[in-house]
Structure formats: C-alpha cells, structure tokens
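# Understanding the architecture of this molecule
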Amino acid sequence: MTQKLQVWKCDVCGNIVEVIHEGADALVCCGQPMKLLEEQTADSSTEKHVPFIAREGNAYVVKVGENQAHPMEEKHYIEWIELIVDGVVYRKFLKPGDAPEARFEVLEGKEVSARELCNIHGLWAKK
C-alpha cells in the first residue's frame, strides 16, 4: 500500500509523483511499476544533500548543504525543497542557477522536517 508523502519516479519518462491519498500497492507509469524514492538521511560525499533547517525570525530557511552549498548546474541541481510543519506541507521549486535554499514564512511548529530532491542523487530528508 502506498503511504502519504511517498515520492515515486517513472524510470521511463521521468514523471515524479507524491502520494496525497493512500491507495494501491504500487504506482504504474508507461506500463511499468514506478520506483519508490527512499529518503536518504546521511551524506558521506563531498557534495552535501541533507537539508539543513534554521529558524530566522518568522520563517524557516531550508538550505541544501549546511557548510557547502549543493551545485545548481544544468546537469546537477535541486528540483524542489519541501518543508513539513505539524503535518502541513510547503514546497518551493528550483531551477539551475537558483540558490539551493528556500524560505518559508510560517508559524513555528512542534514537528518540523524538510526534504529535497536532487535530480541525480534522489530524495534527501532531515527529520
């Protein structure tokens, strides 16, 4: 069974979907099962992927790479950053050339997490 907020990708056409309503065992696109993108939480490479969350005034700022910014090049970039505050989802889409960060002006929450999708290295999360 799919679960809310899971992210799935079609290896044929590249479609990416996020589950908003739990349902079937797997998702299908282009006649083939889609691949579930597992949230990665530890990055031992030199390019940082784990989102870093900071509270700045009345906003949360999510940066990809706490000490080293993730590349934002045509062939390697962060597609989107997502912040989840007390069950509410906020998302910012990015493109090559943008800074690998997002600012979300929302009330401070008790449960705060972030995710980001790298077009090459997949889904990364900070819980």
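Computed from a predicted structure; not experimentally measured. (Residues numbered from 1 in each chain as written. Predicted model: local features only at pLDDT ≥ 70, side-chain atom pairs only at ≥ 80, totals over all residues. Heavy atoms only, no water.)

Time to look at the UniProt feature "binding site: Fe cation 2" (unreviewed entry) in the chain. Residues given the UniProt feature "binding site: Fe cation 2" (unreviewed entry) here are His49. Side-chain polar atoms of His49 contact the side chain of His70, separated by 3.1 Å. (UniProt positions renumbered as here; feature names shortened; annotations may be inferred. Polar contact = N/O pair within 3.5 Å; in protein donor to acceptor, adjacent residues only side chain to side chain.)

With 15 residues, the main nonpolar core has Val62, Ile78, Ile81, Leu83 and Phe104 as its most contacted residues. Only strand S7 (59-64), strand S8 (78-85), strand S10 (101-104) and strand S11 (112-118) provide two or more residues apiece to this core. Of the residues forming this core, the biggest block, four residues, is contributed by S8. Filtering out sequence-adjacent residues up to four positions away, Ile78 remains in contact with Val64, His70, Pro71, Met72, Leu94, Pro100, Glu116, Leu117 and Cys118. (Core = buried A, V, L, I, M, F, W, Y, C linked by side-chain atoms within 4.5 Å. Buried < 20%, exposed > 50% of the residue type's maximum accessible area, 1.4 Å probe, protein only. Helix = DSSP H or I, 4+ residues; strand = E, 2+ residues; numbered from the N terminus. Contact = heavy atoms within 4.5 Å.)

What follows concerns the pattern of salt bridges. In the structure shown here, the tally under the stated rule is nine salt bridges. The salt bridge partner of Arg115 is Glu39, with a shortest N-O separation of 2.9 Å. One end of the pair, Arg115, is in strand S11; the other, Glu39, is in the loop between strand S5 (35-37) and strand S6 (51-56), with 76 residues separating them in the sequence. Classification of Arg115 as buried rests on a relative accessible area of 3%. For Glu56, the salt bridge identified is with Arg103, shortest N-O distance 3.6 Å. Taken together, the residues span a long stretch of sequence, with Glu56 in strand S6 and Arg103 in strand S10 at a distance of 47 residues. Look at Arg103 and you get partly exposed, because its relative accessible area is 44%. Here the salt bridges share partners, and the residues they tie into one network are Glu18, Glu39, Glu82, Arg91, Arg115 and Lys127. (Salt bridge = Lys/Arg side-chain N within 4 Å of Asp/Glu carboxyl O.)

The next point concerns the packing of aromatic side chains. In this structure the tally under the stated criterion is one aromatic pair. Taken together, a centroid distance of 6.4 Å and an interplanar angle of 50 degrees make the contact between Tyr90 and Phe104 tilted. Here Tyr90 is found in strand S9 (residues 88-93), whereas its partner Phe104 is found in strand S10, with 14 residues between them in sequence. Of the residues examined, Tyr90 reaches a relative accessible area of 27% and is grouped as partly exposed. We classify Phe104 as buried; its relative accessible area is 7%. Over the ring of Trp80 we find Arg91, and its NZ or CZ is 5.3 Å from the ring centre. (Phe/Tyr/Trp six-rings, centres within 6.5 Å; stacked < 30°, edge-to-face > 60°. Lys NZ or Arg CZ within 6 Å of the ring centre and 35° of its normal.)

This next bit is on the domain arrangement of the chain. Entries for the chain in the domain assignment read domain 1 (6-37) and domain 2 (51-126). If you average the C-alpha positions of domain 1 and of domain 2, the two centres end up 22 Å apart. Across the contact, four residues belong to domain 1 and seven residues belong to domain 2. Summing both sides of the interface, domain 1 and domain 2 together bury roughly 450 Å²; the carbon and sulfur share of this comes to 56%. Linking domain 1 to domain 2 there are two salt bridges. When the shortest N-O distance is used, the salt bridge between Arg91 and Glu18 registers 2.4 Å. The residue makeup of the side of domain 1 that touches domain 2, split by class, is three nonpolar, no polar and one charged. (Domains from an automatic or database assignment. Buried area = accessible area lost by both parts, 1.4 Å probe. Nonpolar A, V, L, I, M, F, W, Y, C, P; charged D, E, K, R; others polar.)

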